[in-house]
Amino acid sequence: MHLNLLFFLFLLINSTKPAVNSTLLKVIDVKAYGAKGDGISDDYQALLKAYQAFNQQGGGTLYFPKGHYLIKAYHQKGSKLANLQIQNCKNVEVKGAGAVIEVFGAFHRLVDYTKGRYSYSYTSSIIPMVFKNCDGLRMSGIELRGRADQMTKPKGLTEFGGHLLQFIQCRNVTVTD
């Protein structure tokens, strides 16, 4: 009788363990994907590859060593550039060690279309941190810099929101310095 009860308790305890142990997920170091972090080189493609690798494993740590990561790419009419997005992940940690991520702002916004008395542009900065459908997100040690002060545009061009950090349907989010 005691053996049956012990066996039942053993099954019950072991059946409640999570299917994936989040501590086994590897750390994705952005420099391992080619990011330079020197403040001169365009790190967009390397960061895109690191984010894609992170998304494929479904969680873990995305690590930015000390450095100045520059994103020179920006959206224009007809461009197929993507924002840098982490999606459908659990137990996400985005960690920097004195890292700065700066988006390039020294571009000219053209009028792409006019609707009524308002003019609009498709030209905008890449969003370096988009989180979509993430649960258990922690972010620390990263400074985000937008450089809208460097952008030029025609008078009367309608502005809409720009972002450096965007959360879409995320739960349990903590952002610290």
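Residues numbered from 1 in each chain as written. Predicted model: local features only at pLDDT ≥ 70, side-chain atom pairs only at ≥ 80, totals over all residues. Heavy atoms only, no water.

A. Expanded view of the pattern of salt bridges. Going through the model one piece at a time under the given rule, you end up with 2 salt bridges. In this structure, Arg-138 engages Glu-93 in a salt bridge whose closest nitrogen and oxygen atoms are separated by 3.9 Å. On the criterion of sequence distance, the pair formed by Arg-138 in strand S12 (residues 135-145) and Glu-93 in strand S7 (residues 90-103) is long-range, its members being 45 residues apart. Its relative accessible area of 39% is what places Arg-138 among the partly exposed residues. A salt bridge links Arg-145 to Glu-143; the shortest N-O distance between them is 2.7 Å. (Salt bridge = Lys/Arg side-chain N within 4 Å of Asp/Glu carboxyl O. Helix = DSSP H or I, 4+ residues; strand = E, 2+ residues; numbered from the N terminus. Buried < 20%, exposed > 50% of the residue type's maximum accessible area, 1.4 Å probe, protein only.)

B. A look at the pairing of strand S11 (residues 129-132). Across 3 bridges, the pairing between strand S6 (residues 85-87) and S11 is parallel. The residue of S11 that forms the bridge with Ile-86 is Phe-131. The pairing of S11 with strand S13 (residues 165-168) spans 4 bridges and is parallel. Across the sheet, Val-130 pairs through a bridge with Gln-166, a residue of S13. (Pairing = 2+ DSSP bridges.)

C. Just the packing of aromatic side chains, in detail. All told, the structure shown has 4 aromatic pairs when counted by the stated rule. Their ring planes at 20° and their centres at 5.1 Å tell us that Tyr-113 and Tyr-120 sit as a pair that is stacked. For Tyr-120, a relative accessible area of 21% translates into the label partly exposed. (Phe/Tyr/Trp six-rings, centres within 6.5 Å; stacked < 30°, edge-to-face > 60°.)

D. A look at the pairing of S12. Taken together, the 9 bridges between S7 and S12 define a ladder with parallel strand orientation. When the sheet's bridge partners are listed, Lys-95 is paired in S12 with Ser-140. Sheet analysis places S12 next to strand S14 (residues 171-175), joined by 4 bridges and oriented parallel. Considered in S14, the bridge of Leu-137 is made with Val-173.

Honestly, that's just the spatial picture; any functional story needs more than this.
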